[in-house]
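Architecture at a glance
Take a look at the letters that make up each chain.
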Amino acid sequence: KSRAGRQIVTEFSEENAAEQMMQVGKPEQWYHVPALAAGLLVKLADVTGSAKTLEAAQAYLHFVDSGGPDRYTSERSGFVGWAAALLFSATGNQNYRRIALAVANNLLEAQLQNGSWLKGSMGEDITSDVVDATAENMICMFQILEGLSSGE
């Protein structure tokens with residue numbers, strides 16, 4: 001049932017479960033969704049100076065960190081590294097640096113010989129799929145590097 005804007009959605013079809021929720025310890029989840037929220041909250045905290053907003057960002061990343069063992073290695077992990085790098089920059093917390101580096105290292109390991117990336121669901125023969133995956137991963141890498149360099 002959709003009650004968008006009124007209350008938290010707690011009922012959804014099993015078919016849409018992966019898009020609607022995360023489960024502690026379960027692999028192959030949409031880690032990028034709460035990671036994007038965390039990154040946005042860090043940026044918002046930076047602009048507003050709100051400690052509560054920064055705490056909310058940390059809570060989102062902590063939640064992502066309770067995901068499956070592939071939370072740093074999944075094709076959906078790039079923005080986890082971005083959020084962690086932003087939090088490292090904002091707080092100096094070395095755990096966030098560790099997460100950002102783990103994601104960055106795994107992005108580098110997933111890079112193809114020609115410097116591009118693919119996502120598991122995409123085909124190497126379709127140029128737009130290669131461009132899409134490469135663009136997203138490059139953005140994540142640049143943002144991770146920026147966050148880590150400004151936090152030192």
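To keep things clear, this report deals only with the structure shown in the data block.

Reading guide: rules and limits
- Note that residues are indexed from 1 along each chain, following the sequence as it is written.
- Since the coordinates come from a predicted model, pLDDT governs what is reported: local features require at least 70, and pairs of side-chain atoms require 80 or more to be given and counted, while whole-chain, interface and lining totals use all residues.
- Computation of side-chain values: all heavy atoms of the structure, hydrogens and water removed.
- Each axis is a line fitted through C-alpha atoms, and for a helix only the stretch in contact is used; angles between axes span 0 to 180 degrees, taken between their N-to-C directions.
- Strands here mean DSSP runs of E at least two residues long; helices mean DSSP runs of H or I at least four residues long; both are numbered from the N terminus.
- Each angle receives one of four descriptions, namely roughly parallel if under 35 degrees, roughly antiparallel if over 145, roughly perpendicular if within 65 to 115, and oblique otherwise.
- Take the far helix as the reference: if the near one is turned anticlockwise from it by less than a right angle, the crossing is left-handed, and if turned clockwise, right-handed.
- We call two residues contacting when some pair of their heavy atoms lies within 4.5 Å.
- Under the convention adopted here, Pro, Cys and the residues Ala, Val, Leu, Ile, Met, Phe, Trp and Tyr are nonpolar, Asp, Glu, Lys and Arg are charged, and Gly plus all remaining residues are polar.
- Take a side-chain nitrogen of Lys or Arg and a carboxyl oxygen of Asp or Glu: if they are within 4 Å of each other, that pair is a salt bridge.
- Between buried and exposed lies partly exposed: a residue is buried under 20% and exposed over 50% of the maximum accessible area for its type, with that area taken using a 1.4 Å probe on protein chains only.

1. Here we look at the packing of helix α3 (residues 51-64) against helix α4 (residues 78-91)
Contact pair α3 / α4: the axes reach a minimum separation of 11 Å and the direction vectors enclose 140°. The orientation of α3 relative to α4 falls into the category oblique. The handedness of the crossing between α3 and α4 is left-handed. Two secondary-structure elements touch here, α3 through Leu54, Ala57, Gln58, Leu61 and Val64 and α4 through Val80, Ala83, Ala84, Leu87, Ala90 and Thr91. Tallied by class, residues from the contact of α3 with α4 come to nine nonpolar, two polar and no charged.

2. Notes on the environment of Glu75
By secondary structure assignment, the location of Glu75 is in the loop between α3 and α4. Distance in space between the C-alpha atoms of Glu75 and Phe63 is 18 Å, their sequence separation being twelve residues.

3. So, the pattern of salt bridges
Per the counting criterion, the structure on display carries one salt bridge. Where Arg71 meets Asp65, a salt bridge forms, and the shortest distance between an N and an O atom there is 2.8 Å. On the accessibility criterion, Asp65 (22% relative accessible area) is partly exposed.

4. Examining the environment of Val64
Here Val64 lies in helix α3. The class for Val64 is buried, based on a relative accessible area of 1%. Along the primary structure Val64 and Ala90 are separated by 26 residues, whereas in three dimensions their C-alpha atoms are 18 Å apart. Among all residues touching Val64, those that are not within four sequence positions of it are Met22, Tyr31, Pro34, Ala35, Arg71 and Val80.

5. Notes on the packing of helix α2 (residues 32-48) against α3
Following both chains from N to C, one finds α2 and α3 inclined at 160°, their axes separated by 8 Å at the closest point. Of the possible angle classes, the one that applies to α2 and α3 is roughly antiparallel. Considering how the two elements wind past one another, α2 and α3 form a crossing that is left-handed. Taking contact as the criterion, the partners of Pro34, Ala35, Ala37, Ala38, Leu41, Val42, Leu44 and Ala45 in α2 are, on α3, Thr53, Leu54, Ala56, Ala57, Tyr60, Leu61, Phe63 and Val64.

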